[in-house]
Amino acid sequence: MCEVLSPGLAVSVLKAIFQEVHVQSLMQLDRHTVYSIITNFMGTREEELKGLGADFTFGFIQVMDGEKDPRNLLVAFQIVHDLITKNYALGPFVEELFEVTSCYFPIDFTPPPNDPHGIQREDLILSLRAVLASTPQFAEFLLPLLIEKMDSDLQSAKLDSLQTLTACCAIYGQKELQEFLPSLWSSLRREVFQTASEKVEAECLAALHGLSACLSRSVLSSDTEDLLDSFLGSILQDCRHHLCEPDMKLVWPSAKLLQAAAGASLRAYHRVTRSVLPLLLEQYTKHPQSSQRRTILEMLLGFLELQQKWGHVEEDESTLLSLQAPICSVVFSALTDPSVQLQLVGIRALIVLGSLQGFLSPSDLELVVDHLIRLALHEEDSQSSEAAMEAAGSLAPIYPKVFSGRMVPRLEEELQSEREEESSRDHCSLQQRCLQALAAVSIHTSIVRETVPVLLQHLRKVQKGSKARNAQDVVSVCQSLHRVALQCQQDAEGCWYYHQTVVPCLLAMAVQAATQESTHPPLGKALLEEEVLAAMVPVISAATTHLSPELAAQSISHVVPLFLDGEVSFLPQNSFPCSFQPFEDGECLEAQRRLVVLLMAFVCSLPRNVAIPQQERLLRELLALSCSCNCPFTATTAAKCFAGLVNKHPAGQQLDEILQLAVNRMEPGLAEGPRRTQALTLLLWVTKALVLRYHPLSSRLTDKLLGLLGDVELGPAAADGFSLLMAESPDVLHKDCHADVRIMFRQRFFTDNVPKLVQGFHGAGPDVKANYLKGLSHVLNHLPKPVLVTELPMLLSLLLEALSCSDRVVQLSTLSCLQPLLLEAPQIMSLHVDTLVTKFLSLASSPTMAVRIAALRCAHALTSLPTTVLLPYKARVIRALAKPLDDKKRLVRKEAVAARGEWFLLGSPGR
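Scope of this entry: the structure provided in the associated data block. Everything quoted here is computed from the prediction, not taken from an experiment.

This next bit is on the overall build of the protein chain. Within the protein chain one finds 46 helices and 0 strands. Principal-axis analysis of the C-alpha atoms gives the protein chain an extent of 100 × 75 × 65 Å. The burial tally for the protein chain puts 54% of its 911 residues in the buried class. Across the protein chain, the fraction of contacts at a sequence separation of at least 24, relative to all contacts at a separation of at least 6, is 73%. In the form shown here, the protein chain has an accessible surface area of approximately 39500 Å², with 52% of it arising from carbon and sulfur atoms. Taken as two groups, the 79 positive and 100 negative side-chain charges of the protein chain have centres that lie 7 Å from each other.

Next up, the structure:
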């Protein structure tokens, strides 16, 4: 409509409204219509309205004056904001425009319950703040109002005033602030010194930061006063002396105020630190107590961290450079103090000093590394040791030459040392810390090139030994190698170096151990233990997932022939006692077959666009091994590897043929024979691989699995298999290893199969009903809770029946499923409160600790149901929860205390 009006008509309409209509006497809807008309005209006829000059502003002031409805106020505030920001003429009506809007400050509005309009108090606050902070012309009226409201007893008024002041500082200059600075500082200081509210304190500090930033933007001329200097002088005068009293309560408020002001600009930082840093260093020397020194060093650290904003230290102005020696001395003394808490602050300060470019001299850097080595390896307290390792990891990329030249050799020396005077336990602990420290500093590629050979050398050393701790030592090295691999992943050069160095070495050592096992069983046993092989898997996987397709193809061209044809030429130290043939038959090759887990780690982590040589042959060999091997570890590994390859295999005839071959092998194996468990394992992993990618065959295999729930022998394992289908797998078939995982596969599986589970439960015999309940509880436990809530009415009766099942896994899974539902669907759950109370209290006495804990958490969650529903059970529950208060397990007692406390408070005032 506005667009078709003739030129000049918009002005005529508005003049008529301003002169002839008393808007505030109209109904709310009509007033809203007037505001909408004005808004539309401002959007389409801006130039015409600006032609009215200040008359338009005055006319709108009359229209808005006295408005009370929040729906209309939101529109009116937007109009005022547009008036100011789009440069409409305010003329002599600046104060009137301010008065007509500021009368609503601070906003005091509570939306009525079930408000259909959805207007919140925060909407009005932000809309009004945008108006008040939109022009410096309001400053002379607004600042006195803000100072007045800061002194209010209402916390909401204080917060609103402080947030508005912070917003104003972004557009004000020193001319607007000059007159009010003493009063503003007085109010801010009083609030920070006296308030018990962290919110108020935080907003005061933000406002002070804003004031300091505003004054820092002012351009100085020879005849004007430096307001920033005088303002910071007032702050220093009022706060500086409190820093000399590290035990008094005003020391931290003063430090926070100084840091808030100093952090606004480099100029403010230099002005404050010039006065404060020498004082803090002097106080550190004066106070010998560790607690006082910790407080002083934390304040010093706060000022050092501010320097990081600007990232460099300017030689001509910086107070830091002039105080370099005493600052380093203070930090180094903290690192040698017996107090762990002071050490931790010193380590944090060390990281900050190291990040300041050009601050630490070469001799200081060497001292830093020495301190970090001492703390990481020899400090008794684990907190300091771990913090030192993290600090080394933070500083190593900044100073790679210092760390690779000084720290890595020292760690290597410690690893190689054999100390007779130390106990075996202490030596193992020291070696463990050395391994962790080597991994922590392996951030930069140049350091990785130094640390990886050290770790591999140590791995060769420990795997040759014959001590009982051998396996654990190998696992520790693998954990460090895994951390290094994760840290290398984003750097292409480091990732490829790591891959081509570590993966062949691990494979060579494993093959050496496996081929020795075939000829000399006692040697190299540690590398073939399941625990050790499982620790190698994430190392190889992490080294492979981020390779480029070209490099991955180059590597896979060696690894697959190694396992299929025994081609060992690419391995270092490749003279083995016998040939490597993991897919051949023979009892003596059992050790070699275990290494298929390393093949799985490699091929299942490759990007999907990398072609695997001899893939069809490899799949057939894996399929045969998974069905025929007597070792559960090897059979499961072969099944997982087969599933990982099938998941990524391009759709087509080749995939259909290999899947049909798998089905033909599984079905007879499941029907009868000694290897039914291996056939079930293969079925589960292949089903998971196909469910994830929405393959049509997945429904047929799932039906096969559902049918096995009625099998007395395989039923419990098949029921547990539903957890495998729904859960994240740590080593294969997840997104990080490039598996084909479709969105919402869990919801689709739920929709397709839960009705079949329910139907099967109702038709099953009493001896296998528990299998269906277990499978159902596993599916529901991994389903997104919003989906589960919508299906709850249909499934709740079955979940309640599952609580009566004697199977501990079913109980635990069902309780884990019910706990969030009590919080998210209280109305539905309250219909079954009697059954829930009875079941939870009964399970709170279960012989299994995990079940007791879960039952008590559910009893706690029951208190979220409507109070009127729960009150009849209050006395009974409190009485029953007295027993687990004396449980022999601390974690059970902790949950019992929390649950019983909530039930005691049930129905009390204010809840």
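Turning next to the side chain of T101. Positionally, T101 belongs in helix 6 (residues 94-102). A distance of 3.0 Å separates a polar atom in the side chain of T101 from the backbone oxygen of L97.

What follows deals with the side chain of E176. You can see E176 is positioned in helix 10 (residues 174-177). A residue is classified by how much of its surface remains accessible, and E176, at 17% relative accessible area, is buried.

Another point: unusual backbone geometry. Cis geometry marks the peptide bond from F105 to P106, where omega comes out at -5 degrees. As for its position among the elements, P106 is in the loop between helix 6 and helix 7 (121-132). Even without being a glycine, N87 presents a positive backbone phi close to 65 degrees. By relative accessible area, N87 is classed as exposed at 64%. At Y694, a position not held by glycine, the phi torsion is positive, near 60 degrees.

Quick look at a negative patch on the surface now. A cluster of acidic residues, E95, E96, E99, E140 and E179, forms a negative patch at the surface. The dominant element in the negative patch, judged by the number of residues it contributes, is helix 6, at 3 residues. Position of E96 among the secondary structure elements: in helix 6. Overall, the relative accessible area of 37% leaves E96 in the partly exposed class.

Turning to the packing of aromatic side chains, a few remarks are in order. Throughout the structure, instances matching the rule amount to 9 aromatic pairs. Between F18 and F56, the ring centres sit 6.1 Å apart and the planes meet at 45 degrees, which makes this aromatic pair tilted. You can see F18 sitting in helix 1 (residues 9-20) and its partner F56 sitting in helix 4 (residues 54-64), a full 38 residues away along the chain. When its relative accessible area of 15% is taken as the criterion, F18 is described as buried. Its relative accessible area of 0% is what places F56 among the buried residues. Pairwise contacts between aromatic rings join F18, F56 and Y88 into one cluster. Here the basic side chain of K50 rests over the ring of Y88, its NZ or CZ set 5.4 Å away from the ring centre. When the ring centre of Y694 is taken as origin, the NZ or CZ atom of R748, which lies over that ring, is 4.2 Å away.

For the rest of this paragraph, the subject is the pattern of salt bridges. All told, the structure shown has 33 salt bridges when counted by the stated rule. Through salt bridges with shared partners, a single network forms among E366, D370, R406 and R410.

On to the packing of helix 11 (residues 181-194) against helix 12 (residues 198-216). Interhelical geometry of helix 11 versus helix 12 gives an angle of 150 degrees and a closest axis separation of 9 Å. Taken as axis vectors, helix 11 and helix 12 run roughly antiparallel relative to one another. Between helix 11 and helix 12 lies a crossing of left-handed hand. Counting all contacts with helix 11, which are made through L181, L184, W185, L188, E191 and V192, the residues of helix 12 involved are V200, E201, C204, L205, A207, L208, L211 and L215.

Right, let's talk about helix 32 (residues 632-648) for a bit. Here helix 32 contains 17 residues, and its C-alpha end-to-end distance of 25 Å stays within 8% of the 24 Å for a straight helix at 1.5 Å per residue. Of all 17 residues making up helix 32, 15 are buried, and the element is well covered by its neighbours.

Right, let's talk about the environment of S417 for a bit. Along the chain, the position of S417 falls in the loop between helix 22 (400-416) and helix 23 (424-441). With a relative accessible area of 18%, S417 lands in the buried category. Separated by 14 residues in the primary sequence, S417 and Q431 place their C-alpha atoms 9.4 Å from one another.

Tracing the backbone shows R742 in the loop between helix 36 (715-726) and helix 37 (745-763). Not counting the four nearest positions on each side in its chain, R742 is found in contact with L692, R693 and Y694. Side-chain polar atoms of R742 contact the side chain of D740, separated by 3.1 Å.

Once that is clear, we can look at helix 24 (residues 445-464). For helix 24, spanning 20 residues, the distance from its first C-alpha to its last is 29 Å, which sits close to the expected 28 Å at 1.5 Å a residue. If you check which residues of helix 24 are buried, you get T445, I447, V448, T451, V452, V454, L455, L456, H458, L459, V462 and Q463.

Before going further, it helps to examine the state of the cysteines. Applying the stated criterion across every chain, the model contains 0 disulfides. Free cysteine: C103, not disulfide-bonded; nearest cysteine sulfur from C168 at 17 Å. With no disulfide of its own, C817 lies closest to C858 among cysteine sulfurs, the gap being 9.5 Å. The exposure class assigned to C817 is buried, which follows from its relative accessible area of 0%.

Examined against the element boundaries, L372 turns out to sit in helix 20 (residues 362-378). The exposure class assigned to L372 is buried, which follows from its relative accessible area of 0%. Once residues lying within four places of it in the same chain are set aside, the contact partners of L372 are L350, A388, A391, A392, L395 and F403.

Quick look at the packing of helix 15 (residues 266-286) against helix 16 (residues 290-307) now. Packed helices, taken two at a time, are described by the angle their axes make and the gap between the axes. Their axes nearest at 10 Å, the elements helix 15 and helix 16 cross at an angle of 155 degrees. Between helix 15 and helix 16, the crossing angle belongs to the class labelled roughly antiparallel. Handedness of the helix 15/helix 16 crossing: left-handed. Residue-level contacts link Y269, V272, T273, V276, L277, L280, L281, Q283, Y284 and T285 of helix 15 to R293, I296, L297, M299, L300, F303, L304, L306 and Q307 of helix 16. Of the residues in the contact of helix 15 with helix 16, the class split is 14 nonpolar, 4 polar and 1 charged.

What counts, and where the lines are drawn
- Residues numbered from 1 in each chain as written.
- Predicted model: local features only at pLDDT ≥ 70, side-chain atom pairs only at ≥ 80, totals over all residues.
- Heavy atoms only, no water.
- Helix = DSSP H or I, 4+ residues; strand = E, 2+ residues; numbered from the N terminus.
- Buried < 20%, exposed > 50% of the residue type's maximum accessible area, 1.4 Å probe, protein only.
- Contact = heavy atoms within 4.5 Å.
- Areas by Shrake-Rupley, 256 points an atom, 1.4 Å probe, with all protein chains shown as cover.
- Lys, Arg positive; Asp, Glu negative; His and termini not counted.
- Charge placed at Lys NZ, Arg CZ, Asp CG, Glu CD.
- Polar contact = N/O pair within 3.5 Å; in protein donor to acceptor, adjacent residues only side chain to side chain.
- Patch = residues over 30% accessible without salt bridge, like charges linked within 9 Å, V, L, I, M, F, W, Y side chains within 5 Å.
- Salt bridge = Lys/Arg side-chain N within 4 Å of Asp/Glu carboxyl O.
- Phe/Tyr/Trp six-rings, centres within 6.5 Å; stacked < 30°, edge-to-face > 60°.
- Lys NZ or Arg CZ within 6 Å of the ring centre and 35° of its normal.
- Axes fitted to C-alpha atoms, helices over the stretch in contact; angles between N-to-C directions.
- Parallel < 35°, antiparallel > 145°, perpendicular 65-115°, else oblique.
- Left-handed = near helix turned anticlockwise from the far one by under 90°.
- Expected span 1.5 Å × (residues − 1).
- Disulfide = S-S within 2.5 Å.
- Nonpolar A, V, L, I, M, F, W, Y, C, P; charged D, E, K, R; others polar.

Taken by themselves, the reported measurements are silent on function.
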